[in-house]
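Residue-level structural notes
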Amino acid sequence: MTTTQALLGCYTTDGAPGLRAVRVHATGVIEPLGALAMESPSCVVWHPTLPIAYATNETLSGGVTAVAVDVTGEMTVVGAASTGAAPCHAAVTRDGQWLLTADYLGATVTLVALGPEGRPSATVDTLTLHGTGPHPARQDAPHPHMIAADVAGEALVCVDLGTDRLTSLTISGDGRLQEKGSWRLPPGTGPRQVVTAPDGETALVVGELSATLLHVRLGASGDAVVLAEVPTTASSETTWPAQIAITADGGHALVSNRGPDTLAFFDLRSGTLDRVAEVPAGVRWPRHFTLAGAHLLVAGEQSDTIVSYELGGADLIGGFTSRFSTPAPTWVALGPS
């Protein structure tokens, strides 16, 4: 990586502008480019081929906003669409025709049609989820937390924290969301995120409520087959793990832990998810992070900072390289190089 643009999503309860454009240099230094006023753009995803990004507006009224970004980092709103309440995650299909949002408080998944220029053309369907889980406060209803693309052979997977389920979704030719099948995780897992394991056939799930990392196989609909499950931290402090990513060489999974505020590395070659390193995140409440070439960018929601570290080597995380201040950062979305 030489330099690349990135968009920073931030909660705006304190009146902050919301969406920030920055340039990430090869040294890990983050350079500010611009800001755009917007209500709580908590998750930001890019169109697969166009310089357009989509921000979920995580409010009770919901919504998603499309923003065109030029080479200088100037941002222009080019469209918007309605969603369910509190959309906290979004995904764009590989063909760039559809945008899906996970509506945390709406208990819904929203489908938005995108035009050839990337602008939202209409909210075309809403899928309502059903069920509960054993946690009395956090699993009183469905709480979809992620829409993941291309997971273990499934094109689209909804991660539902409220019902301990992963649900495979399809989009019909006439723009309707349909459930293809679903898998139950252990009760009380509270799944937050899922990624495909390096073998391409199994998946890694972060359990926010169980504070564990699970390696699962998704076979026929029913119970997911748990191949391994380990705590995400060695700390005895109450922990809410958040983000997961796999290193470029496929050897390790990296998980952020809110509470103890750490970053934990797990060996994916062992078959038992051995936690081989856990280091301070350098921020409070590390809600999100992203791997940016030779660097790791970590967003600390409660410390109003994003920090950059060197990545790799025997210690997995190297030296601190940069600190960038922005109110309540929740997402770091790297754009085209």
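Let us look at the structure shown here. (Residues numbered from 1 in each chain as written. Predicted model: local features only at pLDDT ≥ 70, side-chain atom pairs only at ≥ 80, totals over all residues. Heavy atoms only, no water.)

Considerations on the sheet that holds strand β8 (residues 87-92)
The condition is simple: At least two bridges found by DSSP between two strands are what make those strands a pair. Helix numbers and strand numbers start at the N terminus; a helix is a DSSP run of H or I with at least 4 residues, a strand a run of E with at least 2. Fitting a line to C-alpha atoms yields each axis, with helices limited to the stretch in contact; the angle taken between N-to-C directions then spans 0 to 180 degrees.
One open sheet accounts for 4 strands, arranged β8-β9-β10-β11; its pairing is antiparallel. Either end of the sheet is taken by a strand with one partner, and the two such strands are β8 and β11 (120-128). Averaged over all adjacent pairs, the angle separating strand axes in this sheet is 20 degrees, with direction ignored. In terms of strand pairing, β8 meets strand β9 (residues 98-103) through 5 bridges, oriented antiparallel. Bridging across to β9, Pro-87 finds its partner in Asp-103.

Re unusual backbone geometry
To keep things clear, this is the line we draw: The classification of residues rests on relative accessible area computed with a 1.4 Å probe and restricted to protein chains. Under 20% of the type maximum is buried, over 50% is exposed, and intermediate values are partly exposed.
Positive phi is not limited to glycine here, since Asp-164 has a value of about 60 degrees. Within the element layout of this structure, Asp-164 appears in the loop between β13 (154-160) and β14 (165-171). On the accessibility criterion, Asp-164 (4% relative accessible area) is buried.

Some thoughts on the sheet that holds strand β16 (residues 191-196)
Pairing is antiparallel in the open sheet, where 4 strands are placed in the order β16-β17-β18-β20. One side of each edge strand has no neighbouring strand; the edge strands of this open sheet are β16 and β20 (225-231). If you compare each strand with its neighbour and ignore which way they point, the axes differ by 20 degrees on average. As defined by bridge partners, strand β18 (residues 212-217) adjoins β20 across 6 bridges and the pair is classed as antiparallel. Each bridged residue has a counterpart across the sheet, and for Val-216 the counterpart in β20 is Val-226.

Notes on the nonpolar core
Defined as follows: Buried residues of nine kinds, namely Ala, Val, Leu, Ile, Met, Phe, Trp, Tyr and Cys, make up a nonpolar core once their side-chain atoms join them within 4.5 Å. Residues count as neighbours in contact if any of their non-hydrogen atoms are within 4.5 Å of one another.
Counting residues in hydrophobic clusters, the biggest one holds 27 residues, and the most contacted among them are Leu-7, Leu-19, Val-44, Tyr-54, Met-75 and Leu-99. Elements with a contribution of two residues or more to this core: β2 (18-25), β4 (41-46), β5 (52-57), β6 (64-69), β7 (75-81), β8, β10 (108-114) and β29 (329-334). For Met-75, the contacting residues outside a window of four places in its chain are Leu-7, Leu-19, Arg-20, Ala-21, Gly-34, Ala-35, Leu-36, Val-67, Ala-68 and Val-69. Ranked by size, the runner-up nonpolar core spans 16 residues in total, among them Ala-148, Ala-152, Val-157 and Ala-224.

Re the pattern of salt bridges
Oppositely charged side chains can pair when the atoms bearing their charge come close. Going by this rule: Salt bridges are defined as contacts in which a side-chain nitrogen from Lys or Arg sits within 4 Å of a carboxyl oxygen from Asp or Glu.
Following the criterion strictly, the structure yields 11 salt bridges and no others. The residue Arg-258 makes a salt bridge to Glu-208 at a minimum N-O spacing of 3.3 Å. Separated by 50 residues along the polypeptide, Arg-258 in strand β22 (residues 252-258) and Glu-208 in the loop between β17 (203-207) and β18 bring together distant segments of the chain. Residue Asp-267 pairs with Arg-269 through a salt bridge whose shortest N-O separation is 3.2 Å. Its relative accessible area of 58% is what places Arg-269 among the exposed residues. Salt bridges here are not isolated pairs; linked through shared partners, they connect Arg-138, Arg-192, Glu-208 and Arg-258.

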